[in-house]
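# Structural overview for review
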Amino acid sequence: MPALSLDELYDSLRPITVPRSSPYASYTNWGLSYTCTPLAVFIPENEEQCRLIIELARREKKVIRAVGVGHSPSDLGCTNDFMIRTDKLNRVLEVNVNRNFVVAQAGITLHDLHPILAKHGLAMINVGSISDQTLGGIVTTATHGSGMNFGVISTNVLALTLLLADGSRVSCSRTERPDLFTASICGLGSTGIIMEITLEVEKAFRLREVQESLPWSEVVDNLDALARSEEHVRLWWYPAADVLRVSQSSRTAEPANPVANWFWDSTFNHHFVQFALFLGIFFPFINVWITRFSAWRSSSRTVNIDESHRIFNLDCGYPQFTTEWAIPYEETQDCLRELRQWLLQEFKDPDGLRPHFPIEIRWSAPDDIWLSPSNGHTTTWIGIIQYKPYKLNVPYRKLFSRFEAILIRHRGRPHWAKSHGLQPEQLRQLYPKFDDFVSLLRTIDPNGMFRNEYVQRHIFGAPLESRLFKKRRIAQA
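Below you will find a few notes about this structure. Keep in mind it's a predicted model, so treat the numbers as computed, not measured. (Residues numbered from 1 in each chain as written. Predicted model: local features only at pLDDT ≥ 70, side-chain atom pairs only at ≥ 80, totals over all residues. Heavy atoms only, no water.)

### What to know about the nonpolar core
The condition that has to hold: Nonpolar cores are built from buried Ala, Val, Leu, Ile, Met, Phe, Trp, Tyr and Cys residues. Side-chain atoms within 4.5 Å join them into one set. Here the term buried applies to any residue with accessible area under 20% of the maximum for its type, exposed to any over 50%, and partly exposed to those in between, with areas from a 1.4 Å probe on protein chains only. Only DSSP runs of H or I covering at least 4 residues are called helices, and only runs of E covering at least 2 are called strands; the numbering of each starts at the N terminus. Two residues form a contact once any of their heavy atoms are found within 4.5 Å.
In terms of nonpolar packing, the biggest core is built from 93 residues, with Leu 235, Leu 339, Ile 382 and Ile 459 touching the most fellow members. Top contributing element to this core by residue count: helix 15 (residues 434–444), with six residues. Leaving out residues up to four positions away in the same chain, Leu 235 has contacts with Val 219, Leu 223, Leu 226, Leu 244, Arg 245, Val 246, Ile 359, Glu 360, Ile 361 and Trp 363. Membership of the second largest hydrophobic core comes to 21 residues, among which are Ile 16, Ile 53, Ile 54 and Leu 56.

### Considering the pattern of salt bridges
In a structure, side chains of opposite charge can pair up when their charged atoms sit close to one another. Inclusion rule: Whenever a carboxyl oxygen of Asp or Glu lies within 4 Å of a side-chain nitrogen of Lys or Arg, that contact is scored as a salt bridge.
Within the structure shown, the criterion is met by 28 salt bridges. Put simply, Glu 307 and Arg 206 hold a salt bridge, and the shortest N to O gap is 3.9 Å. Of this pair, Glu 307 sits in strand 16 (residues 302–307) while Arg 206 sits in strand 13 (residues 206–215); the two residues are 101 residues apart in sequence, bridging distant segments of the chain. Put simply, Glu 47, Glu 48, Arg 51, Arg 169 and Glu 196 are held in one network by salt bridges that share partners.

### Observations concerning the sheet that holds strand 16
As a reminder, the rule being used: Between any two strands, pairing holds if DSSP finds at least two bridges.
Read across the open sheet, the eight strands follow the order 16-13-15-14-18-19-17-20; overall the sheet is antiparallel. The open sheet has two edge strands with one neighbour each: strand 16 and strand 20 (413–414). When strand 18 (residues 359–364) meets strand 19 (residues 379–387), the two strands line up antiparallel, connected through five bridges. The residue of strand 19 that forms the bridge with Ile 361 is Ile 382.

### Thoughts on the sheet that holds strand 11 (residues 193–200)
What counts, and what does not: Note on geometry: axes are lines fitted to C-alpha atoms, helical ones only across the stretch in contact, with angles between N-to-C directions running from 0 to 180 degrees.
If you trace the five strands from one edge of the open sheet to the other, you get 6-7-11-9-10, paired in antiparallel fashion. Two strands close off the open sheet at either side, each with one partner strand: strand 6 (92–96) and strand 10 (169–173). Each strand of the sheet is rotated relative to its neighbour by a mean of 15 degrees, with strand direction disregarded. Most of the contacts of helix 2 (residues 47–60) go to strand 9 (residues 157–163), to which it runs at about 55 degrees, and overall it touches strand 9, strand 10 and strand 11.

### As for the packing of helix 1 (residues 6–13) against helix 2
Selection rule: For this classification, under 35 degrees means roughly parallel, over 145 means roughly antiparallel, 65 to 115 means roughly perpendicular, and everything else is oblique. In a left-handed crossing the near helix is turned counterclockwise from the far helix by less than a right angle, and in a right-handed crossing that turn is clockwise. Note on residue categories: nonpolar means Ala, Val, Leu, Ile, Met, Phe, Trp, Tyr, Cys or Pro, charged means Asp, Glu, Lys or Arg, and polar means any other residue, Gly included.
Closest axis-to-axis distance for the helix 1/helix 2 pair is 10 Å, and the angle between their directions is 140 degrees. Between helix 1 and helix 2, the interaxial angle falls into the category oblique. Crossing of helix 1 over helix 2 shows left-handed handedness. Every residue of helix 2 that contacts helix 1 at Leu 6, Leu 9, Tyr 10, Ser 12 and Leu 13 is listed here: Gln 49, Leu 52, Ile 53, Glu 55, Leu 56, Arg 59 and Glu 60. When the residues that make up the contact of helix 1 with helix 2 are grouped by side-chain class, the tally is seven nonpolar, two polar and three charged.

### Concerning empty space enclosed by the protein
Spelled out, the test is: Only protein atoms enter the calculation, which uses a 1 Å grid: trapped sets of points that fit a 1.4 Å probe without letting it out are cavities, open sets showing protein on both sides within 12 Å along at least five of seven lines are pockets, and any residue with an atom within 4 Å of a point is a lining residue. Grid points are joined across faces, edges and corners, and a volume is the space filled by probe spheres set on the points.
According to the stated counting rule, one finds one cavity of 30 Å³ or more in the structure shown. Reported here for the largest cavity is a volume of approximately 90 Å³. Broken down by secondary-structure element, the contributors of at least two residues to the lining of the largest cavity are strand 14 (232–238), strand 15 (243–252) and helix 11 (308–312). Here the lining of the largest cavity gets three residues from one element, more than from any other, and that element is strand 14. A per-class count over the lining of the largest cavity returns five nonpolar, eight polar and two charged.

### Observations concerning the environment of Asp 306
Summarising the element assignment, Asp 306 is placed in strand 16. The class of Asp 306 is buried, set by a relative accessible area of 11%. For the pair Asp 306 and His 232, spaced 74 residues apart in sequence, the C-alpha separation works out to 14 Å.

### Here we look at the layout of surface pockets
Reported here for the second largest pocket is a volume of approximately 430 Å³. Contributing to the lining of the second largest pocket are 23 residues, with Tyr 34, Tyr 396, Ser 419, His 420 and Ser 466 lying nearest its centre. Where the lining of the second largest pocket is concerned, the elements lending two or more residues are strand 17 (320–328), helix 13 (397–409) and helix 16 (453–458). For the lining of the second largest pocket, the leading source of residues is helix 13, giving four residues. Each residue belonging to the lining of the second largest pocket can be placed in one class, and the counts come to six nonpolar, eleven polar and six charged.

Structure (structure tokens):
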């Protein structure tokens with residue numbers, strides 16, 4: 001790169017700098033829970049422009065945070081310094097049908113990637129509950145789908161191309177700079193700017209999904225057989241109804257025969273439930289009633305056959321507060337029973353908490369990714385939500401605190417994309433390679449160019465307020 005003066009750097013970046021008057025000059029996550037207004041926001045279109053941003057940050061001693069669509073329900077995407085929006089770094093660079101891989105820029109969303117893969121007769125091996133996120137976002141947080149024999153999506157990454165803090169372009173994989181690779185595929189955006197991702201895929205496939213509602217005891221008493229019954233199993237627990245909706249899916253050659261999901265596909269129901277949740281802010285007993293009603297209304301057995309990503313994905317409904325934790329598989333039954341005992345006590349108490357629904361339960365295979373919540377063991381993921389009807393805040397902090405205390409007792413690790421309160425001393429006990437991760441960051445980024453407030457707080461223990469970027473600072477029970 002030719003030597004540029006500081007003024008020349010700013011001039012070169014002006015075409016991709018978001019005006020302060022633009023709504024893109026601030027960042028708010030999808031859940032409407034965190035927001036920030038960075039010092040500058042850039043929307044680069046190529047690698048050279050990203051290098052210029054790195055050079056500017058180096059000279060101005062600023063932090064860079066690359067963000068996608070903002071689906072993380074935490075402040076992982078927030079910064080007060082420089083922000084890169086990856087909207088235009090969204091191309092597919094190569095599709096290899098013979099060897100089953102795709103090379104794509106990190107800013108492509110899964111929604112955009114699915115049809116491109118389908119055009120070539122390919123599909124992602126596993127997908128989470130939504131496809132709104134960017135590929136870079138799911139990789140750097142080790143986002144997961146469900147399936148006892150399927151790892152987090154980061155395990156399907158074959159190689160990465162990054163820009164490091166010194167502006168150098170490096171490639172890494174299992175065989176080339178393996179430490180950088182296994183750190184970066186759950187690196188929280190702190191190892192560098194991910195430019196390209198080589199992702200293993202498979203031939204396009206359909207899934208046959210059977211859904212049915214079963215009593216709590218029938219599911220939990222037979223959990224191991226149920227979790228292993230099909231390739232992809234997930235559960236939605238309606239605590240106030242004491243039932244679980246069971247989803248069992250496997251690959252099939254049967255022709256597509258999609259069925260509608262009454263709960264979210266019905267316009268009437270969508271608005272009816274949202275209004276009931278709104279009333280539940282003021283009359284909490286309504287949350288119990290709407291949970292039971294929804295569990296009853298969606299209790300019929302259904303068989304759905306469709307393209308894979310359409311079965312994997314579901315409608316999240318409304319903006320929400322959420323927390324999700326990963327526990328060792330062998331802890332699952334005891335943890336679920338303790339959660340149920342706690343919630344039954346809440347329901348018996350006239351002043352007890354009245355949570356929304358459902359609690360989602362999924363699984364993933366063990367891996368060796370340094371900061372993956374599935375590192376070293378088969379994992380059960382348990383997540384709880386509180387919807388925000390009409391985008392209004394709802395009480396959630398006391399509920400989440402009690403939920404998280406139980407998960408921590410069962411060796412829980414937090415989902416990195418979601419809010420949590422763990423500090424380095426706690427994380428070090430949960431992740432055998434935690435200190436290796438910190439050491440690598442100090443080596444490749446000694447001045448902390450890619451350490452935003454989230455990384456500084458949770459990885460380096462900086463005394464930063466966890467609610468620094470909260471969208472509305474109001475007291476919430």
